[in-house]
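# An overview of the molecular structure
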Amino acid sequence: MSYDFNTIEARWQNYWAENGTFKADNNSDKPKYYVLDMFPYPSGAGLHVGHPLGYIASDIYARYKRHKGFNVLHPQGYDSFGLPAEQYAIQTGQHPAITTKENIARYREQLDKIGFSFDWSREVKTSDPNFYKWTQWIFIELFNSWYDKDTDKARTIDDLEAIFTSEGNAKINAVCDEDITAFTAADWNNFSSKEKQEVLLKYRLTYLAETEVNWCPQLGTVLANDEIVNGVSERGGYPVIRKKMTQWSMRISAYAERLLQGLETIDWTDSLKESQRNWIGKSVGASVTFKVKEHDEVIEVFTTRPDTIFGATFMTLAPEHELVAKITTPEQKAAIEAYIEATAKRSERERMADVKTISGEFTGAYAEHPFTKEPVPIWIGDYVLAGYGTGAVMAVPCGDQRDYDFAKHFDIPITNIFEGIDISEEAFADKEKTIIANSDFLNGLNYKKATKTAIYELEKLGQGQGKTNYRLRDAVFSRQRYWGEPFPVYYVDGMPQMIDVAHLPLALPEVEKYLPTETGEPPLGRADIWAWDALKGELAKNEDIDNVNIHPLELNTMPGWAGSSWYPFRYMDANNDHEFASAEAMQYWQNVDLYIGGNEHATGHLLYSRFWTKFLKDRAYITVDEPFKKLINQGMILGTSAIVYRISGSNTYVSKGLKDQYETEELRVDVSLINSSDELNIDALRKWQPQFNDADFELEDEKYIVGREVEKMSKRWFNVVNPDGICEQYGADSLRLYEMFLGPLEQAKPWNTAGITGVHSFLKKLWKLYHDGETFGVTDTEPTKENLKTLHKTIKKVEEDIENFSFNTSVSTFMIAVNELTAQKCTSRAVLEPLIVLISPYAPHIAEELWQKLGHDESISTAAFPVFEEKHLVESTKQYPISFNGKMRFTMELSLELSKDEIEAAVMAHEKTQEQLAGREPKKVIVVPGKIVNVVG
RNA sequence: GCUGAAGUGGUGGAAUUGGUAGACACGUUGGACUUAAAAUCCAAUGGCCUGUAAGGCCGUGCGGGUUCAAGUCCCGCCUUCAGUACCA
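Residues numbered from 1 in each chain as written. Chains lettered and ligands numbered in written order. Predicted model: local features only at pLDDT ≥ 70, side-chain atom pairs only at ≥ 80, totals over all residues. Heavy atoms only, no water.

## Regarding the sheet that holds strand E4 (residues 153-156)
For clarity, the cut-off: Any two strands are treated as partners once DSSP identifies two or more bridges connecting them. For the purposes of this entry, the term helix denotes a DSSP run of H or I that reaches at least four residues, the term strand denotes a run of E that reaches at least two, and both are numbered from the N terminus. In what follows, residue pairs with any heavy atoms lying within 4.5 Å of each other are defined as contacts. Interaxial angles span 0 to 180 degrees and are taken between N-to-C directions of axes, which are lines fitted to C-alpha atoms, for helices over the stretch in contact.
Overall, antiparallel pairing links the three strands, which are arranged E4-E3-E5 in an open sheet. The open sheet has two edge strands, E4 and strand E5 (174-175), and neither has a second partner. Looking at chain direction, strand E3 (residues 145-148) and E5 are connected through two bridges and run antiparallel. The partner of Tyr147 across the bridge, within E5, is Val175. Where helix H6 (residues 157-167) meets the sheet, it contacts E3 and E4, and its direction lies at approximately 75° from that of E4.

## Some thoughts on the sheet that holds strand E18 (residues 475-476)
Sheet architecture is open: four strands sit in the order E7-E6-E10-E18, paired in antiparallel fashion. Single-partner strands in this sheet number two, and they are strand E7 (221-223) and E18. Relative to strand E10 (residues 241-250), strand E6 (residues 206-216) runs antiparallel, the two being bridged by 10 bridges. Paired with Trp215 across the two strands is Ile241, which belongs to E10.

## Things to note about the pattern of salt bridges
To keep things clear, this is the line we draw: When a carboxyl oxygen of Asp or Glu lies within 4 Å of a side-chain nitrogen of Lys or Arg, that pair is called a salt bridge. Only protein chains enter the accessibility calculation, which uses a 1.4 Å probe. A residue is then buried if its area is under 20% of the maximum for its type, exposed if over 50%, and partly exposed in between.
One pass over the full model with this rule turns up 37 salt bridges. The salt bridge partner of Lys68 is Glu799, with a shortest N-O separation of 2.7 Å. Residue Lys68 is located in the loop between helix H2 (52-67) and strand E2 (71-73), and its partner Glu799 is located in helix H25 (residues 785-803); the two are separated by 731 residues in the primary sequence. For Lys68, a relative accessible area of 33% gives the class partly exposed. Look at the salt bridges and you will find they share partners, linking Arg258, Arg610, Lys614, Asp618, Asp625 and Glu626 into a network.

## With respect to the packing of aromatic side chains
We apply this condition: For Phe, Tyr and Trp, rings pair up if their centres lie within 6.5 Å, where Trp contributes its six-membered ring, and each pair is then called stacked (planes under 30 degrees apart), edge-to-face (over 60) or tilted (otherwise). Cation placement over rings: the criterion is NZ of Lys or CZ of Arg within 6 Å of the ring centroid and within 35° of the ring normal.
Overall, the coordinates contain 62 aromatic pairs when judged by the stated rule. When the centroid spacing of 5.5 Å and the interplanar angle of 40° are considered together, the rings of Phe362 and Trp379 count as tilted. Taken as a pair, Phe362 in strand E14 (residues 361-368) and Trp379 in strand E15 (residues 375-380) lie far apart in primary sequence, 17 residues in all. The two residues Phe362 and Trp379 agree in class, both being buried. Ring pairs connect the aromatic residues Tyr33, Tyr61, Tyr64, Phe70, Phe805, Phe807, Phe814, Tyr842 and Phe865, which therefore count as one cluster. Between the NZ or CZ atom of Arg204 and the centre of the ring of Phe143, over which it lies, the distance is 3.8 Å.

Here it is as structure tokens:
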């Protein structure tokens, strides 16, 4: 009876689906465990073997936890809104809804073949109105909230209005727009409705503001900071320019400190936490205001080194700084304008690439030093960024290398304020070794004391205070695209209004053209029926109906990360019509115990979802502060591309070994045309692409050998390997085992299909272990000591491996176990039954089949994990390596029951020791492992 | 530059956390079974030395150090990958 994996796998996949084997219950006495994968974008290309890696790992863990008696929630869904889905739809010329549906069907088919234990009854799709209804609902909640710094949490706008009505905004300590002005209760009550709305908008956690955004003309939309890599768009690599637009923003900056602190409470890798810390970019220092001479203006700067304030010999403003035009003297006007124009012309990318060239211009204006009252020249320079801090710095050339370089370049005086430090060559920036000099009341103080004193003196003058600055910017939340969640927003007299929650979801309308526009007009503007009955009723009630704009609805859509910022909670109660999830369900499931996904989301999704979670907790909708307790980043599986070498200007291809004799160019060909010894199938290649039809090939040893290169698995490199083909040829269990066997989960590793034969023949051996020729061969004979030793060794190792996520080594452990038991001719049920439970998380199909043959009616997933018993591993004797004077070594069998002294005596009495000792004076004899036994000589 | 991770056979990778380095698998070589191929099974496989065996020496990026004992710990370098960058 042979191992017919195709039949077995189809049978059990059916069985699981029909019996709802992996349906999780929201009510259970068992402890809960929530295992989640980052849900996929259903792209048109389908899955390649790299995609399921994390899913297989999480599936093994989920199945393991079930064996361990946990009620496991292990759902799956699709992040089906957003740019990739829409780009694919544009490429294929079809409506995104249709292509998305097709892609999801294809993904599901592929996923089902691999045998995951997902609870599909909880499937979510972010583009499903039943899902994005709640995304819209959360948006409304954010709109109706503000951040109270005193209680350090979000509160309702109703609370805020009540405070305004009774006492104005003087006592409010909120995270809000900086240009807020003070008003009293009386002022507030006299404001018009529109004025009130304008004020409130500046406090809301999601707000509408004209901001400078990252505009990508090719994608036809704005991008968040984390969607830009090296100055170009993350998707497509298109240039990004700065542009002023009115956009929705998320006040994530309110949560900067809590997002930073929260990292201490979660089990993520150091590198990931570090990425988030960098992104949040906390720096502690002071804000200082400098008066501009002969003007009423002041310049505010942020500095981390207020202790060096006496070294400030000039100031630098970003070219975009709003005061530049006002303070520039007539003589300098032309030069300044030329400089600003030149800077504006350079793209973000050029500016980043060229950090060495020092450029700047003097404005002609002077500021007044807060303490010395000396004039401080004001410069502009593009090394100061408009987007960070206040866009202005007090330049301390002796203490900052950039200021130093700038000063040297423009011959600005440099004052040394450091005790005993030579600054003739470079600036001195070591805080720890700093002793301040030449600085009036700061003289003789170290960095810490001087900083404190300087801030104290600045406060006395009313020209500064201690301040903490964060790099984290508020996130732009509008996209000028079609395929996203519509905002539940309409405008009355230019002011945004939320539609009534009762009318959610606000469904995405059909449009004729969903392609983005070059000008930034949202595609939804073209919707013919972007009218909505309930909303009409709403508007009709409003007395300002006459002022309604032509497009009374918000026409932008939400970004890709909107739905993914809260979806873990939806799985807890995925079919709830009344709320995003019931309080009971969320009380039970809490948060995700284990989250597995790629590390490309380090500063996007993982930061936004933490932000929304904290917000929902503040508003008491959920009880947890962090969405993901433990997070593991699976490494990428790389493809091994095949390269042929074409002689330049000809249609002749030379084998790899001959390529150096010619001038060649490299072409990638499909990896399916290559056999395991890198030999190219030329006939197949001719059929593959017409350009090879009449090509000539120069062979070596009558073979064409291709070059190989390990790189990202991608259609454009023709190195994609699909899981479907592997499942057909070797089975899903082989695929699962092999993906784990490839190497450590978190490491990037190349795929090589040839190696799968190892795990495949392991499964065949496993099958044979349970079969005696043609019949099922498990017997009720007593296991031998050896059998039990093998079993318990395996239990111990596998349990440790799974707990440590070292799935690769347990595959080896299984192989060793099966080889040993085969050699021992073990047929004992007492060994073979627990063994198959151990293997079942990795290879569930074969496990189910054998489990049934062992006489069980229920799925193996209900079986308990075998209990490890130490006694089976204990031997009466052990081989001890003996190390003598650190050099000579031999092994000696010693009883485990011996004491330290007895071991010593035994070693000394042993003939081999005598031999080694002959004629010499030993200093020590060492017995390993464990304790060192000194045998004195 | 900064931050994080990592360097072990021909290849992917093990190594009980300081205790016989190279488990397991791929690949390669030889053999068995086959008319043959596939499949399967067996053996060998880090390098070097001695004719073989027994055995020995050298070996975990490089150079030092601690230790009876170092892939593992410490100091100083080199290299690779990832993230980030004029952050005041």
